[in-house]
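Here's the letter readout for the chains.
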Amino acid sequence: MFIVFVIGMAGSGKSMLTSAFCEWLKMSKQNVITVNLDPGAFKLPYTPDIDVRDYVRVENIMEKYNLGPNGALIMAADLIADEVERLSEEIEDLNPDMVLIDTPGQMELFAFRASGPYMVHELAPKEPKALVYLFDCAFSSNPLNYISNLFLSAAVYNRFFVPQVHVLSKCDLIPEEEVNRIVDWSAKPRALEEAIEEKLNGIKRLLGRNMMRAIYQLGLRFLLIPISAKTNEGLINLNMALERSLAGGDKYTY
Ligand SMILES: Nc1nc2c(ncn2[C@@H]2O[C@H](COP(=O)(O)OP(=O)(O)OP(=O)(O)O)[C@@H](O)[C@H]2O)c(=O)[nH]1
Ligand SMILES: [Mg+2]
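Residues numbered from 1 in each chain as written. Chains lettered and ligands numbered in written order. Predicted model: local features only at pLDDT ≥ 70, side-chain atom pairs only at ≥ 80, totals over all residues.

**A short note on the pairing of strand β1 (residues 2-8)**
Step number 1: Burial of β1 is extensive: seven of the seven residues sit out of reach of the surface.
Step number 2: Burial along β1 is two-sided: F2, V4, V6 and G8 and I3, F5 and I7, pointing in opposite directions, are all buried.
Step number 3: Taken together, the six bridges between β1 and strand β5 (residues 129-136) define a ladder with parallel strand orientation. For V4, the partnering residue across the bridge sits in β5 and is A130. (Buried ≥ 20, exposed ≤ 12 C-beta atoms within 10 Å, placed from the backbone. Helix = DSSP H or I, 4+ residues; strand = E, 2+ residues; numbered from the N terminus. Pairing = 2+ DSSP bridges.)

**Things to note about the packing of helix α7 (residues 143-160) against helix α10 (residues 202-217)**
To characterise two packed helices, one gives the angle between the axes of the helices and the distance between these axes.
Step number 1: Contact geometry for α7 and α10: axes closest at 10 Å, N-to-C directions at 30 degrees. Note that α7 runs across α10; the crossing there is left-handed. Residues P143, L144, I147, L150, F151 and A154 of α7 lie in contact with α10, whose contacting residues are K204, G208, M211, M212 and I215. (Axes fitted to C-alpha atoms, helices over the stretch in contact; angles between N-to-C directions. Left-handed = near helix turned anticlockwise from the far one by under 90°. Contact = placed C-beta atoms within 7 Å.)

**A short note on unusual backbone geometry**
Step number 1: A positive phi is found at N95, a non-glycine position, where the angle reads about 45 degrees.
Step number 2: If you trace the backbone, N95 turns up in the loop between α4 (84-94) and β4 (98-102).
Step number 3: You can call N95 exposed: it has 9 C-beta atoms within 10 Å.
Step number 4: Located in the positive-phi region is N232, a residue other than glycine, with phi close to 70 degrees.
Step number 5: Its location among the elements puts N232 in the loop between β7 (224-226) and α11 (235-247).

**Some points on the environment of M98**
Step number 1: Within the secondary structure layout, M98 lies in strand β4.
Step number 2: With 73 residues separating them in the primary sequence, M98 and L25 have C-alpha atoms 9.3 Å apart.

**Observations regarding the site of ligand 1**
Step number 1: Around ligand 1 sit 17 residues in total, of which G13, K14, S15, M16 and G105 are the nearest.
Step number 2: Element by element, the count of residues in the shell around ligand 1 is highest for helix α1 (residues 14-27), at three residues.
Step number 3: Grouping the constituent residues of the shell around ligand 1 by class yields four nonpolar, eight polar and five charged. (Near = placed C-beta within 6 Å. Nonpolar A, V, L, I, M, F, W, Y, C, P; charged D, E, K, R; others polar.)

**What about the packing of helix α9 (residues 189-199) against α10?**
Step number 1: Taken N-terminus to C-terminus, the directions of α9 and α10 make an angle of 165 degrees; their axes are 9 Å apart at the nearest point. Judged by the angle between their axes, α9 and α10 are roughly antiparallel. Here α9 runs over α10; the crossing is right-handed. Two secondary-structure elements touch here, α9 through P189, L192, E193, I196 and E197 and α10 through R205, G208, R209, M212 and Y216.
Step number 2: Tallied by class, the residues present in the contact of α9 with α10 amount to five nonpolar, one polar and four charged. (Parallel < 35°, antiparallel > 145°, perpendicular 65-115°, else oblique.)

Spelled out as structure tokens, the structure:
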């Protein structure tokens, strides 16, 4: 069994990707299930096989503890950690080959509080895991935004320390040449350096240049896989990247 957590900024396309990738894997006869780990999810584009809202619901917390939506979301992010055993049992009972986990909308509540890394390590603790980190294409077409997103994904990696696959989400929304340009930045530091020199001025250029160098000094790789949960573009490449990092190139099913 392999566990894949889908993570990214609010609205970056986590739930849609969970939904589209699950359907895509099912079409190729994979035994896959979805888990919703977002206690604040209002409406999901898929019906989760396992749902944390069966145990923790933001609306109930607001009412019970007389909290506003933000306070309740923070409390819910911590309370889901208490449900890790029950959720693990549910996963074990279904015994799939692959588990796709949709994480809470506000990434910081999952990645930067203690409960997120705890969930990632303690949910089905013996199974191999990977993270899919989403770069929203709408926030990545300017080099400085792109580099800021690189920093965020590096910070996420430093919190979880599990293999991380990076995707450029919603790429049906921007022209193909723009998608190729962003992917090029992710593959070739030189291309990103040139974009910084060309597109940024003054303090932004200086900041972009230094931030980029800092990232490359960390020795982390962020090769972006362009995908669309709307057209299914790139899902085959995402699947191959996950196979490589989770199973050393073997198929999920044997
Ligand atoms: N065109 C297009 N729109 C997308 C795609 N993926 C997501 N969207 C849209 O982007 C918005 C956010 O998508 P979600 O999948 O809900 O994103 P999320 O990261 O789960 O959002 P939160 O959980 O609320 O943080 C929705 O309006 C989706 O319809 C895509 O591949 N293409
Ligand atoms: Mg969502």
